[in-house]
Amino acid sequence: MLDTIINFKLSQCVLAQMKWLLLLCLVLVVGCTKEEKKMQSLTPGFSETVLTSSKNGEKVWKLICDNVQIEGEKTHLAKLTLLLYKDKKISKITADNGILDQEKEIIELFGNVEAEESSEKIKLQTERLIWNEKEKRLTTESEVILQKEGLILSGRGFVAEADFSSMKIKDGVRVKFK
């Protein structure tokens, strides 16, 4: 099986090409039922894909996923790894699924979400996490478990910088020592 890795630099040109391809797919399925149209509109899909975002020549994030399907302004992702870059630190986040919303500049990750920042030895577990590129923040309203050097914190709701240099559990904080 030929594995394909497509490197995208998210630009208007690439987005325009994807929209034209999606439009072509929609035209081809005009005779399908409503359910079939929805299934078809999620194609074309790309497997083993790498997406990156850069600002002022510096990498902001890199997204590696097993499957990508485009539906309008939203890109559906499966089995993904998101790498966030800030001040020479890299935070790694994995999840079963995600949605990239290019208009809002957010990546929503859900299903077995795990994040780690190795230089600070921080690990986070939750079911849903949102990366907001405009704010450069990770947020969730879900339950979280945060581990750092023998300390386990848990609670509901979470906000953090990309490199976990600043973070907050919002409600119901519980502390446990290893």
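Scroll up to find the structure.
Residues numbered from 1 in each chain as written. Predicted model: local features only at pLDDT ≥ 70, side-chain atom pairs only at ≥ 80, totals over all residues. Heavy atoms only, no water.

Colleague: Got a sec to walk through the overall build of the chain? Specific residues and values, please.
Modeller: In terms of regular secondary structure, the chain is built from two helices and 10 strands. Along the chain, from the amino end to the carboxyl end, the secondary structure elements read β-α-α-β-β-β-β-β-β-β-β-β. If you sum the accessible surface of the chain, you get close to 10,800 Å²; carbon and sulfur atoms cover 54% of it. (Helix = DSSP H or I, 4+ residues; strand = E, 2+ residues; numbered from the N terminus. Areas by Shrake-Rupley, 256 points an atom, 1.4 Å probe, with all protein chains shown as cover.)

Colleague: How would you explain the packing of aromatic side chains if you had to name every residue and give the values?
Modeller: The geometry of an aromatic ring pair comes down to the distance between the two centres and the angle between the two planes. Considering all chains together, one arrives at one aromatic pair under this definition. Arranged with centres 6.3 Å apart and planes meeting at 35°, the rings of F158 and F164 form a pair that is tilted. F164 gets classed as buried once you look at its relative accessible area, which sits at 3%. (Phe/Tyr/Trp six-rings, centres within 6.5 Å; stacked < 30°, edge-to-face > 60°. Buried < 20%, exposed > 50% of the residue type's maximum accessible area, 1.4 Å probe, protein only.)

Colleague: Any details on the side chain of D101? Residues and values, ideally.
Modeller: Position of D101 among the secondary structure elements: in strand β5 (residues 89-101). Within the local environment of D101, its side chain forms a polar contact with the backbone nitrogen of E103, the two atoms lying 3.1 Å apart. With residues near it in sequence (within four places) discarded, D101 still touches E73, K74 and I106. (Polar contact = N/O pair within 3.5 Å; in protein donor to acceptor, adjacent residues only side chain to side chain. Contact = heavy atoms within 4.5 Å.)

Colleague: Any chance you could break down the pairing of strand β8 (residues 137-148) for me, citing the residues and the numbers?
Modeller: Where strand β7 (residues 122-132) lies against β8, eight bridges are found, and the strand directions are antiparallel. For I130, the partnering residue across the bridge sits in β8 and is T139. Where β7 folds back on β8, the antiparallel hairpin that results is connected by four residues, among which K136 adopts a positive phi of roughly 55°. As paired elements, β8 and strand β9 (residues 151-161) share 10 bridges and run antiparallel to each other. Each residue of the ladder has a partner; that of I145, found in β9, is S154. Turn length for the β8-β9 hairpin, with the two strands adjacent in sequence and antiparallel, is two residues, and the turn residue E149 shows positive phi of about 40°. (Pairing = 2+ DSSP bridges.)

Colleague: Which residues make up the environment of G172, and what are the values?
Modeller: By secondary structure assignment, the location of G172 is in strand β10 (residues 167-177). Between the C-alpha atom of G172 and that of G155, which follows or precedes it by 17 residues, the distance is 4.9 Å. Dropping the residues within four chain positions of it, G172 is found in contact with S154 and G155.

Colleague: Can you explain the pairing of β7? Please cite residues and give values.
Modeller: Two strands pair when backbone bridges link them, and strand β6 (residues 106-117) and β7 are joined in this way by 10 bridges, in the antiparallel orientation. Paired with E116 across the two strands is K123, which belongs to β7. Hairpin geometry of β6 and β7 is characterised by an intervening segment of four residues between the two adjacent antiparallel strands and by a positive phi of about 55° at K121.

Colleague: Any chance you could break down a nonpolar patch on the surface for me, citing the residues and the numbers?
Modeller: On the surface, a cluster of nonpolar side chains totalling about 330 Å² of accessible area is made up of V173, V175 and F177. Inspection of the secondary structure assignment puts F177 in strand β10. Since its relative accessible area comes to 66%, F177 is described here as exposed. (Patch = residues over 30% accessible without salt bridge, like charges linked within 9 Å, V, L, I, M, F, W, Y side chains within 5 Å. Salt bridge = Lys/Arg side-chain N within 4 Å of Asp/Glu carboxyl O.)

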